Amino acid sequence: MNEIADEQVPKPYLQLARRLRGRPGQSAFSHRRDWISARMSTPARKRLMRDFKRLQQDPPAGISGAPHDNNIMLWNAVIFGPDDTPWDGGTFKLTLQFTEDYPNKPPTVRFVSRMFHPNIYADGSICLDILQNQWSPIYDVAAILTSIQSLLCDPNPNSPANSEAARMFSEHKREYNRKVREIVEQSWTAD
């Protein structure tokens, strides 16, 4: 177990641990361990475990996601391009960073894969209403990823994160689709 510094432990826990030092069967370490255990079962972490279990048991088509190593607050995900669209055959990687405010606040979601889309910024962040002003605690990880997958084929050029992609989508659809196909091909070889 990783040792944590006193300044990371809330003051009441520290005060109690200091009072109990030297008493038989009670050590500061055991109270730190209790604090860590309590911290591992916060409402956000419990909800993320439930989201993960649900995603494993009943995965929506074309999406996959799981916590990164031993950190339930950081997820890696993959969205497959929907069939019969310019995105068909693409494999797009994302990260989802959650805070202890989840599910009351949305995660920060970014594409790791290079993207060309009206609603995806150059840094991979996504302009999507449910990740901003239309967030609701009823959304889980599967709903987030499914919404992002839908956004690929149904962009909102009136709220562009990438003005070039928005303009091309609206004015030169054939050129936009060609550019998307390039991104799809790059997704096959990108790490």
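Scroll up to find the structure.
All figures in this text were calculated on a predicted structure; none of them were measured in a lab.

**Q** What is the right way to look at the sheet that holds strand β4 (residues 108-111) in this model?
**A** Sheets are built from strands that pair by backbone hydrogen bonding, the pairs being arranged parallel or antiparallel. The sheet built from four strands is open, its strands ordered β1-β2-β3-β4 with antiparallel pairing. Two strands bound the open sheet, and with one partner strand each, they are β1 (63-68) and β4. When the angles between neighbouring strand axes are averaged without regard to direction, this sheet yields 25°. Relative to β4, strand β3 (residues 91-97) runs antiparallel, the two being bridged by four bridges. In the strand pairing of β4, Thr 95 is matched with Arg 110. The sheet contacts of helix α3 (residues 43-57) involve β1 and β2 (71-80), and relative to β2 the element is tilted by about 30°.

**Q** How should the pairing of β2 be read in this particular structure?
**A** Side-chain positions along a regular strand alternate between the two faces of the sheet. Alignment of β1 against β2, held across six bridges, turns out to be antiparallel. Paired with Pro 67 across the bridge in β2 is Trp 75. Hairpin connection from β1 to β2: two residues lie between these consecutive antiparallel strands, with Asp 69 at a positive phi of about 45°. When β2 meets β3, the two strands line up antiparallel, connected through seven bridges. Of the residues in β3, the one forming a bridge with Leu 74 is Gln 97.

About the cut-offs
- Residues numbered from 1 in each chain as written.
- Predicted model: local features only at pLDDT ≥ 70, side-chain atom pairs only at ≥ 80, totals over all residues.
- Heavy atoms only, no water.
- Pairing = 2+ DSSP bridges.
- Helix = DSSP H or I, 4+ residues; strand = E, 2+ residues; numbered from the N terminus.
- Axes fitted to C-alpha atoms, helices over the stretch in contact; angles between N-to-C directions.
- Contact = heavy atoms within 4.5 Å.

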